[in-house]
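Per-entry structural report
Below are the chains, spelled out letter by letter.
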Amino acid sequence: MNIHDQIKLSEKESVGRRILKSIRKSPNWLWGWIYVPPAEINEELRHTFEQYGTFGLQVLLGTNTALFQHEKRICLVQPYKQEMFDWLTEQSDRAKRKEHWSMAMEFLVTIFVAGELLFVVLPSWLAKP
């Protein structure tokens, strides 16, 4: 084995190790299927964000000098930008969790239907002389 093959092998190993390390470091790689931690923002601000919705907050964050109403007063977006990003991240994580569960359920339904077809078709196919 020459030096170039050894370098390629060590690069592949390091990529694999990096992937495993990133999976192990990530708190959401399995936990995200079960629980999405809520963003750490106060309840009044959370209520305001829920009234605007994800699309409304995305529009507010996309404009430079946007104003929004919070607790019966008009506020600039700039002081609340981090809270908005945190809430949008929470909503995105929730949507991903729902999508993961939907895909898992679709996969299981497909497996059960295929199994049922095998149990119905296979005995009649084997019984033919």
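Conventions and cut-offs
Residues numbered from 1 in each chain as written. Predicted model: local features only at pLDDT ≥ 70, side-chain atom pairs only at ≥ 80, totals over all residues. Heavy atoms only, no water. Patch = residues over 30% accessible without salt bridge, like charges linked within 9 Å, V, L, I, M, F, W, Y side chains within 5 Å. Areas by Shrake-Rupley, 256 points an atom, 1.4 Å probe, with all protein chains shown as cover. Salt bridge = Lys/Arg side-chain N within 4 Å of Asp/Glu carboxyl O. Helix = DSSP H or I, 4+ residues; strand = E, 2+ residues; numbered from the N terminus. Core = buried A, V, L, I, M, F, W, Y, C linked by side-chain atoms within 4.5 Å. Buried < 20%, exposed > 50% of the residue type's maximum accessible area, 1.4 Å probe, protein only. Contact = heavy atoms within 4.5 Å. Axes fitted to C-alpha atoms, helices over the stretch in contact; angles between N-to-C directions. Parallel < 35°, antiparallel > 145°, perpendicular 65-115°, else oblique. Nonpolar A, V, L, I, M, F, W, Y, C, P; charged D, E, K, R; others polar.

Attention now moves to a nonpolar patch on the surface. Together, Val109, Val113, Leu117, Val120, Val121, Leu122, Trp125 and Leu126 make up a nonpolar patch on the protein surface, roughly 800 Å² of accessible area in all. Tracing the chain through its elements places Val120 in helix α3 (residues 81-127).

Take the nonpolar core next. With 14 residues, the main nonpolar core has Phe49, Leu57, Leu60, Phe68, Val77, Met84 and Trp87 as its most contacted residues. Of all the elements in the fold, those that place two or more residues in this core are α2 (43-62) and α3. For this core, the element with the highest residue contribution is α2, accounting for five residues. Those residues within four positions of Met84 in sequence are excluded, and the remaining contacts are Phe49, Leu57, Leu60, Leu61, Phe68 and Val77.

The next subject is the packing of α2 against α3. In the contact formed by α2 and α3, the axes pass within 10 Å of each other and the chain directions differ by 90°. Taken together, the axes of α2 and α3 are roughly perpendicular relative to one another. Residues Leu45, Arg46, Phe49, Glu50, Gly53, Thr54, Leu57, Gln58, Leu60 and Leu61 of α2 form the contact with α3, whose participating residues are Lys81, Glu83, Met84, Phe85, Trp87, Leu88, Glu90 and Gln91. Residue composition of the contact of α2 with α3, by class: nine nonpolar, four polar and five charged.

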